[in-house]
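# Structural description and commentary
Listed below are the residues making up each chain.
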Amino acid sequence: MRIGIVCPYSFDVPGGVQNHVMDLAEALLGLGHEVSVLAPADEDSALPPYVVSAGRAVPLPYNGSVARIAFGPVSTARVRRWITRGEFDVLHVHEPLTPSLSMLAVLCARGPVVATFHTAMTRSRVMSAAQGVLQIVLERITARIAVSALARKVQVEHMDGGAVEIPNGVAVAKFAGVPPLPGWPGECAPGTGGTLGFLGRFTEPRKGFPILRDAFVALAPHRPGLRLLVAGPGDADELYGRFPAGLRDRVTFLGLVSEADKARMLRSVHLYVAPNTGGESFGMILTEALAAGTTVVASDLDAFRRVLDGGRAGRLFPTGDAAALGAALSELLDDDGRRAGLTACGDQVVANFDWPVVARRVLEVYAAAIEATDGRVMDQEWAGLG
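Treat the numbers as computed from the prediction; the structure is a model and nothing was measured.

### Considering the nonpolar core
In this structure, Leu266, Leu286 and Ala298 are the most contacted members of the largest nonpolar core, which totals 34 residues. Taken together, the elements giving at least two residues each to this core come down to α7 (172–175), β11 (225–231), α10 (259–266), β13 (271–274), α11 (284–291), β14 (295–299), α12 (302–307) and α14 (336–351). Here this core takes five residues from α11, the largest share from any one element. Apart from residues no more than four positions distant in its own chain, alanine 298 is found in contact with Ala274, Leu286, Phe304, Leu308, Arg315, Leu316 and Phe317. Judged by nonpolar contacts, the second largest core, of 31 residues, contains Ala39, Ala41, Ala143 and Val365.

### Here's the deal with the pairing of strand β1 (residues 2–6)
Regular strands have side chains that alternate between both faces of the sheet. With respect to burial, β1 is a largely interior element, four of its five residues being buried. The pairing of β1 with strand β2 (residues 34–39) spans five bridges and is parallel. If you follow isoleucine 5 over to β2, its bridge partner there is valine 37. The handedness of the β1 to β2 crossover, carried by helix α1 (residues 16–30), is right-handed. With four bridges connecting them, β1 and strand β6 (residues 90–94) associate as parallel partners. Considered in β6, the bridge of isoleucine 3 is made with valine 90.

### A short note on the environment of valine 13
For valine 13, the location among the structural elements is in the loop between β1 and α1. Take valine 13: its relative accessible area is 36%, and that puts it in the partly exposed class. Separated by 28 residues in sequence, valine 13 and alanine 41 place their C-alpha atoms 8.9 Å apart.

### What to know about the pattern of salt bridges
Oppositely charged side chains can pair when the atoms bearing their charge come close. Counted by the stated rule, this structure contains 18 salt bridges. Of the charged contacts, one joins lysine 262 and glutamate 259 as a salt bridge, the two residues approaching to 3.4 Å between their closest N and O atoms. With lysine 262 and glutamate 259 both in helix α10, this residue pair falls three residues apart, about one helical turn. Taking the shortest distance from any N to any O, the salt bridge between glutamate 288 and lysine 262 comes out at 3.1 Å. Linking glutamate 288 in helix α11 with lysine 262 in helix α10, this pair joins segments that are 26 residues apart in sequence. Residue classification places glutamate 288 among the buried positions, given a relative accessible area of 8%. Taking relative accessible area as the criterion, lysine 262 reaches 10% and is therefore assigned buried. Within this structure, Glu204, Arg206, Lys207 and Glu280 form a network of salt bridges that share partners.

### Looking at the packing of α1 against helix α15 (residues 355–373)
As a packed pair, α1 and α15 sit with axes 9 Å apart at the nearest point and diverge in direction by 85°. The orientation of α1 with respect to α15, classified from their angle, is roughly perpendicular. Here α1 contributes His20, Asp23, Leu24, Ala27 and Leu28 to the contact with α15, which in turn contributes Trp355, Pro356, Ala359, Val362, Leu363 and Tyr366. Taken together, the residues of the contact of α1 with α15 sort by class into nine nonpolar, one polar and one charged.

Rules and cut-offs
- Residues numbered from 1 in each chain as written.
- Predicted model: local features only at pLDDT ≥ 70, side-chain atom pairs only at ≥ 80, totals over all residues.
- Heavy atoms only, no water.
- Core = buried A, V, L, I, M, F, W, Y, C linked by side-chain atoms within 4.5 Å.
- Buried < 20%, exposed > 50% of the residue type's maximum accessible area, 1.4 Å probe, protein only.
- Helix = DSSP H or I, 4+ residues; strand = E, 2+ residues; numbered from the N terminus.
- Contact = heavy atoms within 4.5 Å.
- Pairing = 2+ DSSP bridges.
- Right-handed = clockwise from strand over helix to strand, strands pointing away.
- Salt bridge = Lys/Arg side-chain N within 4 Å of Asp/Glu carboxyl O.
- Axes fitted to C-alpha atoms, helices over the stretch in contact; angles between N-to-C directions.
- Parallel < 35°, antiparallel > 145°, perpendicular 65-115°, else oblique.
- Nonpolar A, V, L, I, M, F, W, Y, C, P; charged D, E, K, R; others polar.

Written as structure tokens, this is what we have:
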């Protein structure tokens, strides 16, 4: 099958959608399909051989953040040229309601279009201003995929249509078996040691880092070997300033890490802690920790509960309760058997998120979209774009 995949966000800046697109493309290539990915990127960027640059992206405030996107006549011409040359059996666009390449690709498409929706956003000022165009975009999509139950709910309740729920995949092979960082994870003798891990923006309230900090501060005096490994954006001095002076030497901050070092970081802890307080539609980091063979302790959020199979594949604690988190951490650090049991269940659960498995489910949606269009070519009322 000849597959064209469109990413709306720049490949010059790491992000969840970009990683999803690359992993899906590589999984489809591994299954024997021809794949081309179109994405914004500087012309001199080092890109995988299957990625075609649509030119430099520009920053745009969008959905509470800043998205680096590409739009306008030049981008439209490049999208149309890529589609014409690709002669794709199916076009797979990601976040088509974002004003970028995916939206343009839907409007230029002449065959079956599959769209993946990653977020659970229902409206924005940009979306409201372009409601007419968005309706045309939605009408031109043959089949929809949502990466979470919440994203699917938005499709049903706000976008006049359903979607097949297919979760984010995880490249299990990239996380399993990689060596830990030098000197980690260290001892985990009952009542004394253990290493905890956190990855994310520690200053962002919904990531719940203060809950983990409070649990760590309460446990540390009773566990002289307890350590905390933190990775993600932020200022080191600001992080260390959140801890009592006597405990700062037991906290290590890695800063931003590469995908390879993220895998090593997850292999370097006895327990990965996700103390998030809300706003999560899936829980990608949980699947990555499970793939690394690390025991997970997570807030009892609906999205996390789904990933962890109701607590069978990881320990859940009441959201926002630092004392309950501390008790869960102490219990697991002192019980090698319990950790091993959770890890074994995690191995079974994460196998369903492995990219080859997820990619085959995506291929089923492609086949349904192709069958639904029955080889028909869409009209070209948007041929004047660009």
